[in-house]
Amino acid sequence: MRLDQKKTILSISSHVIRGGVGNRAAVFALESRGHAVWSVPTVILPWHPGHGRSTRIPVETAAFASALEDLKGSKWRGEVRAAMTGYFADAGQVRAAADLIRAFKAADPDFLYLCDPVIGDAGGLYVAEAVAAAIRDELLPLADLATPNRFELGWLAGAPVDDNAGIAAAARLTGIARVVSTSAHAMMKGAIANLLVEGDRQVLAEHQALDAAPNGLGDLFSALLLSHVVEGRSAEEALRLSSSSVFEVAARSIRAGSDELLLQAEAASLSTPMASVAIRHLVSPVSLRRRNVAITPLDNEPAP
């Protein structure tokens, strides 16, 4: 696959009237990088609820499922070569999305699906448990890539994620070939990290932590990651470029005093990011055992 090859991507997530979260972030990123996008909202909000009272307009489940059935039977269905999903308003939407993705994958063995399981954070689940369980049981088994945060990964895998070795073990329990856990354990002081787990490989991308970062970073990261993989880049290169772009956009948005990601103003960062990201290749306990090498967890090293 050529690195300049662009494909149509289906994106299913929330939609805000103001701001750069959910599908607003994902669709802008994908289209900025040259991809056509089929965008499906699961819920409509005036703005991110973190800004204050925000009226929810959920897309009714039967209508949502009917619309996805239309997409499944569309004469243009063959245009779509990849998909990503994010926030869902109820479990019925999850099942309808899973049915559509199964149909796409059955028709195209090269179809790529990224699951961003937007279910919670360190404070716990912020969706109904039925929604989280449906994502775990219906969507995760279909995923070629997944981008859970640390809490989400631990919940979905039913495993501890207290260090990066735990994150890697939990990622392997999902059965997904490529998992990137955002909010992984950074090894540098004052940093945050994303950890790619791909088979026995563990690649950590770290950059400076930012105070009061706008919402939508996970949505933006997932869209960029999928874009780079669809274009033929390795998962490691996709991790590096996506982490760099997200850090750059967030830092510039904060510097400008914005309470939202300035996606339009910083669109160049989505294509040619300049921010430096530290890449570390962590030693996998699995590969060490296969070589009969003594294990010294990197997570225990002092931060530089």
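Our subject is the structure that appears above.
Everything numeric in this text was worked out from a predicted model, so none of it was measured.

Visitor: Quick question: what am I supposed to make of helix α6 (residues 164–173) here?
Guide: Within an α-helix, residues lying three or four positions from one another point in the same direction, as the helix has 3.6 residues per turn. Burial in α6 covers these residues: Asn164, Gly166, Ile167, Ala168, Ala170 and Ala171. Buried-residue contacts for α6 involve α5 (150–157), β9 (178–184), β10 (191–198), β11 (201–208) and β12 (278–282). Residue aspartate 163 occupies the N-cap position of α6, its side-chain oxygen lying 3.3 Å from the main-chain nitrogen of alanine 165. Just downstream of α6, glycine 175 is the residue with a positive phi angle, here 80°.

Visitor: Looking at this structure, how should I read the pattern of salt bridges?
Guide: Overall, the coordinates contain 16 salt bridges when judged by the stated rule. Of the charged contacts in the structure, one is a salt bridge between glutamate 231 and arginine 33, with a shortest N-O distance of 2.7 Å. Of the two residues, glutamate 231 is situated in the loop between α7 (217–230) and α8 (235–255) and arginine 33 in the loop between α1 (23–32) and β2 (37–45); the sequence distance between them amounts to 198 residues. For glutamate 231, a relative accessible area of 0% gives the class buried. A salt bridge links arginine 252 to glutamate 266, with the shortest nitrogen-to-oxygen separation between them at 3.3 Å. Here arginine 252 is found in helix α8, whereas its partner glutamate 266 is found in the loop between α8 and α9 (268–271), with 14 residues between them in sequence. Classification of arginine 252 as partly exposed rests on a relative accessible area of 31%. Residue class for glutamate 266 comes out buried when judged on its relative accessible area of 16%. Residues joined in a network through salt bridges with shared partners are Arg18, Asp259 and Glu260.

Visitor: Help me out: how do you make sense of the packing of helix α3 (residues 91–107) against helix α4 (residues 129–139) in this one?
Guide: Angle between the axes and distance between the axes: these two values describe a pair of packed helices. α4 packs onto α3 with a crossing angle of 15° between their chain directions and a minimal axis gap of 8 Å. Taken together, the axes of α3 and α4 lie roughly parallel to each other. Viewed along their axes, α3 and α4 form a crossing whose handedness is right-handed. Facing Ala91, Val94, Arg95, Ala97, Ala98, Ile101 and Arg102 of α3, the residues of α4 in contact are Ala130, Val131, Ala134, Ile135, Glu138 and Leu139. When the residues that make up the contact of α3 with α4 are grouped by side-chain class, the tally is 10 nonpolar, no polar and 3 charged.

Visitor: Would you take a moment to explain the sheet that holds strand β5 (residues 112–115) for this structure?
Guide: Strand pairs in the sheet, formed through backbone hydrogen bonds, run parallel or antiparallel to each other. Spatially, the 10 strands line up as an open sheet ordered β3-β2-β1-β4-β5-β8-β9-β10-β11-β12, and their pairing is mixed. Only two strands of the sheet have a single neighbouring strand rather than two, namely β3 (57–58) and β12. Bridging between β11 and β12 involves 5 bridges; their strand directions are antiparallel. Residue glutamate 206 lies in a different strand from β12, and its bridge partner there is alanine 278. Where α6 meets the sheet, it contacts β9, β10, β11 and β12, and its direction lies at approximately 40° from that of β10.

Parameters at a glance
Residues numbered from 1 in each chain as written. Predicted model: local features only at pLDDT ≥ 70, side-chain atom pairs only at ≥ 80, totals over all residues. Heavy atoms only, no water. Buried < 20%, exposed > 50% of the residue type's maximum accessible area, 1.4 Å probe, protein only. Helix = DSSP H or I, 4+ residues; strand = E, 2+ residues; numbered from the N terminus. Contact = heavy atoms within 4.5 Å. Polar contact = N/O pair within 3.5 Å; in protein donor to acceptor, adjacent residues only side chain to side chain. Salt bridge = Lys/Arg side-chain N within 4 Å of Asp/Glu carboxyl O. Axes fitted to C-alpha atoms, helices over the stretch in contact; angles between N-to-C directions. Parallel < 35°, antiparallel > 145°, perpendicular 65-115°, else oblique. Left-handed = near helix turned anticlockwise from the far one by under 90°. Nonpolar A, V, L, I, M, F, W, Y, C, P; charged D, E, K, R; others polar. Pairing = 2+ DSSP bridges.

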